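# Commentary on secondary and tertiary structure
Here is what each chain is made of, one letter per residue.
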Amino acid sequence: PHTAVAIPFLDRKGEREGGPKPRRIMTSREIPPEMKAVIVPRTGDASVLELDPSHPTPKLRSGHALVENEYAGLNFIDTYFRSGLYKREPPFVAGQEG
């Protein structure tokens, strides 16, 4: 499964910045129906994390973009939610900061 769709890096003027070359932009019909996702089914330590290899891809909404991530990490906000330090209703997909 794929994670979603790649978009180009643009500066404030709408011009391409340096960085990796973007993959092609997909139409909404080409977005795969499933993606890999790390799920937090309940609060706890890192052992509660579950990899879902066929999680439904979010629906593309007007004014939003889906971005394909080759690599992703969990950051502080994810650990705060996972541990229960910050309140969030489980289950949820980790990766708040992309």
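Preceding block: the structure.
Structure report, in brief. Please read all numbers here as calculations on a predicted model, not as lab measurements.

Scoring rules and cut-offs
Residues numbered from 1 in each chain as written. Predicted model: local features only at pLDDT ≥ 70, side-chain atom pairs only at ≥ 80, totals over all residues. Heavy atoms only, no water. Helix = DSSP H or I, 4+ residues; strand = E, 2+ residues; numbered from the N terminus. Phe/Tyr/Trp six-rings, centres within 6.5 Å; stacked < 30°, edge-to-face > 60°. Lys NZ or Arg CZ within 6 Å of the ring centre and 35° of its normal. Pairing = 2+ DSSP bridges. Contact = heavy atoms within 4.5 Å. Polar contact = N/O pair within 3.5 Å; in protein donor to acceptor, adjacent residues only side chain to side chain. Buried < 20%, exposed > 50% of the residue type's maximum accessible area, 1.4 Å probe, protein only. Arc of directions from axis to C-beta.

What follows covers unusual backbone geometry. Following P90, the chain continues to P91 via a peptide bond in cis, the omega torsion being 0°. Along the chain, the position of P91 falls in the loop between α1 (76-83) and β3 (92-93).

Our focus in this paragraph is the packing of aromatic side chains. Counted under the stated rule, the structure contains four aromatic pairs. Aromatic ring contacts, followed pair by pair, group F76, Y80, F81, Y86 and F92 into a single cluster. Just above the ring of F81 sits the side chain of R88; from NZ or CZ to the centre is 5.5 Å.

With that out of the way, let us pick up the sheet that holds β3. Across the sheet, which stays open at both edges, the three strands sit in the order β2-β1-β3 with antiparallel pairing between neighbours. The sheet is open, and its two edges are formed by β2 (50-56) and β3, each paired on a single side. By the bridge criterion, two bridges tie strand β1 (residues 34-40) to β3 in an arrangement that is antiparallel. When the bridges of β3 are listed, I39 appears paired with V93.

Within the element layout of this structure, P90 appears in the loop between α1 and β3. Excluding anything up to four places from it in sequence, P90 contacts V40, P41 and R42.

For H55, the position within the fold is in strand β2. Polar side-chain contacts of H55 include one of 3.3 Å to the side chain of D52. Not counting residues up to four positions away in its chain, the partners in contact with H55 are P33, E34, M35, A37, I39 and V93.

Turning our attention to α1. Along α1, the residues classified as buried are I77, D78, F81 and R82. One face of α1 carries all of its buried residues, which in axial projection span an arc of 130°. Lining the buried residues of α1 we find β1 and β3. A positive backbone phi angle near 95° is found at G84, which sits one or two residues after α1.

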